[in-house]
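Structural overview
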Amino acid sequence: MTKEQRQLFLQGEERERELAERFEKTGKIIPFEEPIREGQWYRRIVPGAVCGDGSEYPVLLNSGKENSLVIFLEGGGMSFDVEMARCPNSLGNTNIGKPPCYAANFRRYIEYTCFDNEYGSRGIVEKEDERNPFRDWCFAVATYGTADIYAGDGEFAYQDEEGHKRILCHRGYSNFIKSLEIIKELYPSPDRILLVGGSAGAFGTPLLAPEVLKAYPDCREVTVYADSATCPDQRYKDALRNVWKAPEHIAGTVRTSQPAEDWFERLYQQGGDRLNYLYSISIKDWIFISYLEYLETRNMVYRPEREAEFKECVRQTVKRLKAITEKFRIMITDFPAGEGICPGATIHTTCQDPRFYETLSCGVSPAQWLWDAVNKKGYDIGLELL
């Protein structure tokens, strides 16, 4: 790193600390304490769990009026190898042109970008929004930051560009198991459960659903919703075993380039029609199209030439999920990605986006689609975009 790059990096890191400190002062999320207040977000440190950079790992908790539970799995990228491990997402790395491969520390990046109202309504986790049909439910948020799509239980040793030894802690699976013990203690017997995740968290929903069912065997109304998990690559199988050190009951069930689909097939074998199964994605997802470009060329940019390829991937995802069960409910959206993104690109994930409440051309918002599905009135929307 040159002297100029070092200065830019440090400026970005300082800005990130300022943003995190500003968010901390809002009181939106506070350290866990009892008795808990309804509607307040709490940050509870999970004993024995660590983020990717080795820092403490929290689970976020928010109690509501209803005895129903949303378990939300945050996203935040992934890492297959040394080159990706060298590229954690931070403002410092952005300043020196590094691709944002994954988040390695929840407190310093994901927390304020996912929960700060300055960025607009945060979708389903914004319990203060009167439009949110889940605002009276209890919430538990798994905070990720492990770059392993919630599958890992190991460590990856590598050297950074300057030759320093580093460790990337891929503990997504074991962190969730530890977090689930805390969630179960606080919310022991919900009437309904919605397990939902976006991006990397969407991979985690079918993967971790069996653990949730095991923790709550008496809950008869369980919905499993993956929001955006179409990012095919043949390297998942190797990464699961050799990088993320996933347990064999996880690594051994991935047989294709689309692990979330493999895990949904396994989940249906276990849960059958007892569960609600949901999937959503935007038709030109700017993050996944950029990721597909990066995985092939190591240049993380949105290339419109990949739009047709991605649309075909989405078609195949929908076809395969519908083959699991015709009751699998699908939502395809085309909300524009916004300023600064390539024209024509669409958003990445819907459930934690301000447009979660915006009406689609069919006359239904994503929030209404999800609420209807949870209440056993599910339907597909947006399939004509394929």
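The shown structure was predicted, so the numbers you read here are calculated from the model rather than taken from an experiment.

**Description of the overall build of the protein chain**
Along its length, the protein chain carries 12 helices and 11 strands. In summary, the protein chain has a C-alpha radius of gyration of 20 Å against a globular reference of 21 Å for 386 residues, a match within 12%. A principal-axis box enclosing the C-alpha atoms of the protein chain has dimensions of 60 × 50 × 40 Å. Counting the 386 residues in the protein chain, one finds 59% classified as buried. Nonlocal contacts in the protein chain, meaning residues at least 24 apart in sequence, comprise 70% of its contacts between residues at least 6 apart. Accessible surface for the protein chain amounts to roughly 15,600 Å². Of this, 49% is attributable to carbon and sulfur atoms. Put simply, the protein chain has 48 plus and 59 minus side-chain charges, and the middle of one group is 2 Å from the middle of the other.

**Quick look at the packing of aromatic side chains**
Tallying each qualifying case throughout the model produces 15 aromatic pairs. Between the aromatic rings of Tyr225 and Trp369, the centroid separation amounts to 5.5 Å while the plane-to-plane angle is 70 degrees, which identifies the pairing as edge-to-face. With Tyr225 in strand β9 (residues 221-227) and Trp369 in helix α12 (residues 366-374), this residue pair connects regions lying 144 residues apart in the sequence. When the ring centre of Phe32 is taken as origin, the NZ or CZ atom of Arg44, which lies over that ring, is 4.5 Å away.

**What to know about the pairing of strand β4 (residues 68-73)**
With respect to burial, β4 is a largely interior element, six of its six residues being buried. Alignment of β4 against strand β8 (residues 192-198), held across six bridges, turns out to be parallel. Within β8, the residue paired with Phe72 across the bridge is Val196. Sheet topology places β4 next to strand β5 (residues 138-142); five bridges connect them, and they run parallel. If you follow Ile71 over to β5, its bridge partner there is Ala140.

**Regarding unusual backbone geometry**
Cis geometry marks the peptide bond from Glu34 to Pro35, where omega comes out at 0 degrees. Of note, Pro35 is situated in the loop between β1 (29-31) and β2 (41-50).

**With respect to the nonpolar core**
The biggest cluster of nonpolar side chains holds 120 residues, and the ones touching the most others in it are Phe115, Ile124, Ile149, Leu194, Tyr216, Trp244 and Leu370. In terms of residue count, helix α6 (residues 200-215) provides more of this core than any other element does, nine residues in total. If we skip the residues at most four places from it in the chain, Leu370 touches Ile124, Phe134, Leu194, Tyr225, Leu278 and Phe356.

**Topic: the environment of Lys127**
As for its position among the elements, Lys127 is in the loop between α4 (106-115) and β5. The exposure class assigned to Lys127 is buried, which follows from its relative accessible area of 10%. Taking C-alpha positions, Lys127 is 31 Å from Tyr291, a pair spaced 164 residues apart along the chain. Sequence-distant contacts of Lys127, defined by excluding residues within four places in its chain, comprise Trp41, Asn62, Ser63, Gly64, Asn132, Arg135, Trp137 and Phe139. Polar side-chain contacts of Lys127 include one of 3.4 Å to the backbone oxygen of Ser63.

**A look at the sheet that holds strand β11 (residues 329-333)**
In space, the nine strands of this open sheet follow the order β1-β2-β3-β5-β4-β8-β9-β10-β11, with mixed pairing throughout. With one partner strand each, in any of the chains shown, β1 and β11 form the two edges of the open sheet. Strand-to-strand twist across the sheet, computed as the mean angle between neighbouring axes with direction ignored, equals 25 degrees. Both β9 and strand β10 (residues 275-282) contribute to a ladder of six bridges, which runs parallel. Its bridge partner lying in β10, Asp227 is registered against Ser280. Contacting β8, β9, β10 and β11, α12 runs over the sheet at an angle of about 165 degrees to β10.

**Focus on the packing of helix α9 (residues 259-271) against helix α11 (residues 307-324)**
Taken N-terminus to C-terminus, the directions of α9 and α11 make an angle of 10 degrees; their axes are 10 Å apart at the nearest point. By the angle between their directions, the pair α9 and α11 is classed as roughly parallel. Residues Glu261, Asp262, Phe264, Glu265 and Tyr268 of α9 lie in contact with α11, whose contacting residues are Thr317, Arg320, Leu321 and Ile324.

**Observations concerning the packing of helix α5 (residues 172-186) against α6**
At a minimum axis distance of 11 Å, the contact between α5 and α6 shows a crossing angle of 25 degrees. Viewed along their axes, α5 and α6 adopt a mutual orientation that is roughly parallel. Crossing angle aside, the handedness with which α5 passes α6 is right-handed. Contact residues: Tyr173, Phe176, Ile177, Leu180 and Lys184 in α5; Leu208, Glu211, Val212 and Ala215 in α6.

**Quick word on the layout of surface pockets**
The volume enclosed by the second largest pocket comes to roughly 770 Å³. Around the second largest pocket, the lining comprises 30 residues; the ones closest to its centre are Phe9, Pro88, Asn93, Lys98 and Arg166. Sorting the residues of the lining of the second largest pocket by element identifies α1 (3-26), α4 and β7 (165-170) as the ones contributing at least two each. Here the lining of the second largest pocket gets five residues from one element, more than from any other, and that element is α1.

So, how was this worked out
- Residues numbered from 1 in each chain as written.
- Predicted model: local features only at pLDDT ≥ 70, side-chain atom pairs only at ≥ 80, totals over all residues.
- Heavy atoms only, no water.
- Helix = DSSP H or I, 4+ residues; strand = E, 2+ residues; numbered from the N terminus.
- Rg over C-alpha atoms; globule rule 2.2 N^0.38 Å.
- Buried < 20%, exposed > 50% of the residue type's maximum accessible area, 1.4 Å probe, protein only.
- Contact = heavy atoms within 4.5 Å.
- Areas by Shrake-Rupley, 256 points an atom, 1.4 Å probe, with all protein chains shown as cover.
- Lys, Arg positive; Asp, Glu negative; His and termini not counted.
- Charge placed at Lys NZ, Arg CZ, Asp CG, Glu CD.
- Phe/Tyr/Trp six-rings, centres within 6.5 Å; stacked < 30°, edge-to-face > 60°.
- Lys NZ or Arg CZ within 6 Å of the ring centre and 35° of its normal.
- Pairing = 2+ DSSP bridges.
- Core = buried A, V, L, I, M, F, W, Y, C linked by side-chain atoms within 4.5 Å.
- Polar contact = N/O pair within 3.5 Å; in protein donor to acceptor, adjacent residues only side chain to side chain.
- Axes fitted to C-alpha atoms, helices over the stretch in contact; angles between N-to-C directions.
- Parallel < 35°, antiparallel > 145°, perpendicular 65-115°, else oblique.
- Left-handed = near helix turned anticlockwise from the far one by under 90°.
- 1 Å grid on protein atoms, 1.4 Å probe; cavity = no way out; pocket = protein on both sides within 12 Å on 5 of 7 lines; lining within 4 Å.
- Points joined across faces, edges and corners; volume = space filled by probe spheres on them.

Keep in mind these numbers describe shape, not what the thing actually does.
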